[in-house]
Amino acid sequence: MSHAILPRDDNCNGWYQLLDAPTPARRLNSNETADWLVIGAGFTGLAAARRVAELRPFDRVVLLEALRVGQGASGRNTGFVIDLPHKRDLEGDDLARKQKLLSLNRAAVDDLETLVRRHGIECGWSRAGKYQGAVGERGLKYLDHYETLLRDFDYPYRRLERDELAPILGTRHYAAAIYTADTALMQPAALVRGLGETLPDNAELYEHTPVVGLTRSGGQWCATTPEGEVRATNLLLGSNIYSQEFGFLKHRVLPVMTFASMTRELSDEEMALFSAAPHHFGLTPADHAGTTVRLTPERRLIIRNQYRFVPRYHDDLAERTRIRRGHRDSFEARYPTLAHVPFTATWGGACGLSRNYTAFFGKVGDNAWMSGVHQSVGAARGTISGKLLAELATGEDSSQLADMLAVSGKPAINPPEPFLSLGVKTRMKHAAWASRSEL
């Protein structure tokens, strides 16, 4: 099948801009054969390529990435690797399912931490935990519900009120927050670049090598690129929303983009707001449509909010300008004494959602497997599912794999256009209006 929409870099990713210039990209410019073809070098594809190379040390593994590693969605998130089940997964009544998700997410955190330590990946990795914050009455209602869920789940937490929060968050804007300790924070573009640079020797990474066509014939998969092709016996897809372009999970994925803005480094005087150590944190909103805030170890503040439905997986400059103004309002509401501090970058990152809040993991064709539609928790889910996808494809068996199969399903099919776009956009506008006090 010909690939209609290709990934592209808008040169706006603030995380990627902080990295040193990479070595020249290794492009595919010939016709190659391999035992395993992996498409997409985000968290899922990198974990899948690494694991299949470990399990099959004498097989040739080829990993194709359309951009440079770190430029795509995995390098654009806010830098959380969260252990807790996410949103509706946490709200469900099935305690055994929640325990499986928690165990899988914790395995992802541990696996990433092991690789960061083993290979000396400089990505600001920290087990700093996270805060779930509420601004006003609406947020507090959601926070109380979150506390009930944690208590029912027997998950340890600490609730902090405004006076105790202020020296940590550098603002009295938040009425309360709940702290959980087992989330890791990191610089996502630096992390995925480091993962790409430390793959096993039998895993070959090609960047700036988009797949423009994918077919199957003669018992092999053939990926066509602008300058060559790869023929492989087995196919592992870490291409998430772009997998639709290859014909997989067609009309079952909702491509949604979330947006963030980052400040310059704060001065010593400006950092005085944050008087409680350590001087970095991550906060997610109790109201899911609210604002995420991070203070990085490099003294940069990040504001993330606003969602857009992006059926072609990209936004436009005019829309990003409006979003940046909204970020400015959110930033100055929290940090009025820092109103003079400029943003140095505003960017979006696309993620895959589904109407029934279900992620996909499993076989999609002859000798073809995929993990995707991760409901905006790709760092943890992508990492562990990519690893386990390789184990599924190579015939391994483990309790982790059994758990992953148990918590996965099939995303619901979407209604046809124009009803899909109209419904999604209307729902997002309503959510933004209802949550305006938490933005």
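Residues numbered from 1 in each chain as written. Predicted model: local features only at pLDDT ≥ 70, side-chain atom pairs only at ≥ 80, totals over all residues. Heavy atoms only, no water.

*Asks:* Describe the overall build of the protein chain, listing the residues and the values that go with them.
*Replies:* Counting its regular elements, the protein chain contains 11 helices and 18 strands. Since a compact globule built from 439 residues should have a radius of gyration of about 22 Å, the 21 Å found for the protein chain is in line with a globular shape. Burial status across the protein chain gives 57% buried among its 439 residues. Summarising the internal contacts of the protein chain: among those between residues at least 6 apart in sequence, 75% fall at separations of at least 24. A total of about 18100 Å² of accessible surface is found on the protein chain, and carbon and sulfur atoms cover 51% of it. Averaging the coordinates of the 53 positive side-chain charges in the protein chain and doing the same for the 51 negative ones gives two points 5 Å apart. (Helix = DSSP H or I, 4+ residues; strand = E, 2+ residues; numbered from the N terminus. Rg over C-alpha atoms; globule rule 2.2 N^0.38 Å. Buried < 20%, exposed > 50% of the residue type's maximum accessible area, 1.4 Å probe, protein only. Contact = heavy atoms within 4.5 Å. Areas by Shrake-Rupley, 256 points an atom, 1.4 Å probe, with all protein chains shown as cover. Lys, Arg positive; Asp, Glu negative; His and termini not counted. Charge placed at Lys NZ, Arg CZ, Asp CG, Glu CD.)

*Asks:* Outline helix H2 (residues 43–55), listing residues and values.
*Replies:* Here H2 is 13 residues long and its end C-alpha atoms lie 18 Å apart, about the 18 Å a rise of 1.5 Å per residue gives. With respect to burial, H2 is a largely interior element, 11 of its 13 residues being buried. Of the positions making up H2, those classed as buried are Phe 43, Thr 44, Gly 45, Leu 46, Ala 47, Ala 48, Ala 49, Arg 50, Val 52, Ala 53 and Leu 55. (Expected span 1.5 Å × (residues − 1).)

*Asks:* A description of the packing of aromatic side chains should follow, citing residues and the corresponding values.
*Replies:* Evaluated as defined, the whole model comprises nine aromatic pairs. On the basis of an interplanar angle of 45° and a centroid distance of 4.9 Å, the ring pair of Tyr 131 and Tyr 179 is categorised as tilted. With Tyr 131 in strand S4 (residues 130–134) and Tyr 179 in strand S6 (residues 176–180), this residue pair connects regions lying 48 residues apart in the sequence. Measuring from ring centre to ring centre gives 5.9 Å for Phe 274 and Tyr 335, while their planes differ by 50°; the resulting arrangement is tilted. Taken together, the positions of Phe 274 in the loop between strand S12 (254–263) and strand S13 (281–285) and Tyr 335 in the loop between helix H8 (317–334) and strand S16 (343–353) put the pair 61 residues apart, joining distant regions of the chain. Take Phe 274 and Tyr 335: they sit in the same class, and that class is buried. Following the ring pairs from residue to residue traces out a cluster consisting of Phe 274, Phe 281, Phe 331, Tyr 335 and Phe 343. (Phe/Tyr/Trp six-rings, centres within 6.5 Å; stacked < 30°, edge-to-face > 60°.)

*Asks:* Run through the UniProt feature "domain: FAD dependent oxidoreductase" (unreviewed entry) in the protein chain, naming residues and quoting values.
*Replies:* The UniProt feature table records "domain: FAD dependent oxidoreductase" (unreviewed entry) at residues 35–392. Between the end C-alpha atoms of residues 35–392 there is a gap of 16 Å, over a span that is 30% helix and 28% strand. (UniProt positions renumbered as here; feature names shortened; annotations may be inferred.)

*Asks:* Describe unusual backbone geometry, listing the residues and the values that go with them.
*Replies:* Each neighbour pair has its own omega, and for Ala 277 with Pro 278 the value is -5°, a cis peptide bond. Relative to the helices and strands, Pro 278 resides in the loop between S12 and S13. Pro 418 follows Glu 417 through a cis peptide bond whose omega is 5°. Locating Pro 418 in the fold gives a position in the loop between helix H10 (399–407) and helix H11 (419–434). A positive phi angle, close to 70°, is found at Tyr 313, a residue other than glycine. Within the fold, Tyr 313 resides in the loop between strand S15 (301–309) and H8. Positioned with a positive phi, Tyr 357 is a non-glycine residue whose angle comes to about 60°. The exposure class of Tyr 357 is partly exposed, given its relative accessible area of 33%.

*Asks:* Describe in detail the packing of helix H9 (residues 378–393) against H10, supporting the description with residues and values.
*Replies:* Any two packed helices are characterised by how steeply their axes cross, that is the angle between the axes, and by the distance between the axes. In the contact formed by H9 and H10, the axes pass within 10 Å of each other and the chain directions differ by 110°. One finds that H9 runs roughly perpendicular with respect to H10. Crossing angle aside, the handedness with which H9 passes H10 is left-handed. Taking contact as the criterion, the partners of Arg 381, Ile 384, Ser 385, Lys 387, Leu 388, Glu 391 and Leu 392 in H9 are, on H10, Gln 400, Leu 401, Met 404 and Val 407. Of the residues assigned to the contact of H9 with H10, the class counts are six nonpolar, two polar and three charged. (Axes fitted to C-alpha atoms, helices over the stretch in contact; angles between N-to-C directions. Parallel < 35°, antiparallel > 145°, perpendicular 65-115°, else oblique. Left-handed = near helix turned anticlockwise from the far one by under 90°. Nonpolar A, V, L, I, M, F, W, Y, C, P; charged D, E, K, R; others polar.)

*Asks:* Can you tell me about the sheet that holds S13, naming the residues and giving the values?
*Replies:* Spatial strand order, S5-S6-S4-S13-S14-S15-S12-S16: eight strands in an open sheet with mixed pairing. Both edges of this open sheet fall to strand S5 (158–161) and S16, since each of them pairs with a single strand only. Within this sheet the neighbouring strands show an average axis-to-axis angle of 25°, counted without direction. Along the sheet face, helix H5 (residues 137–152) touches S4, S5 and S6 and points at about 30° away from the line of S6. (Pairing = 2+ DSSP bridges.)

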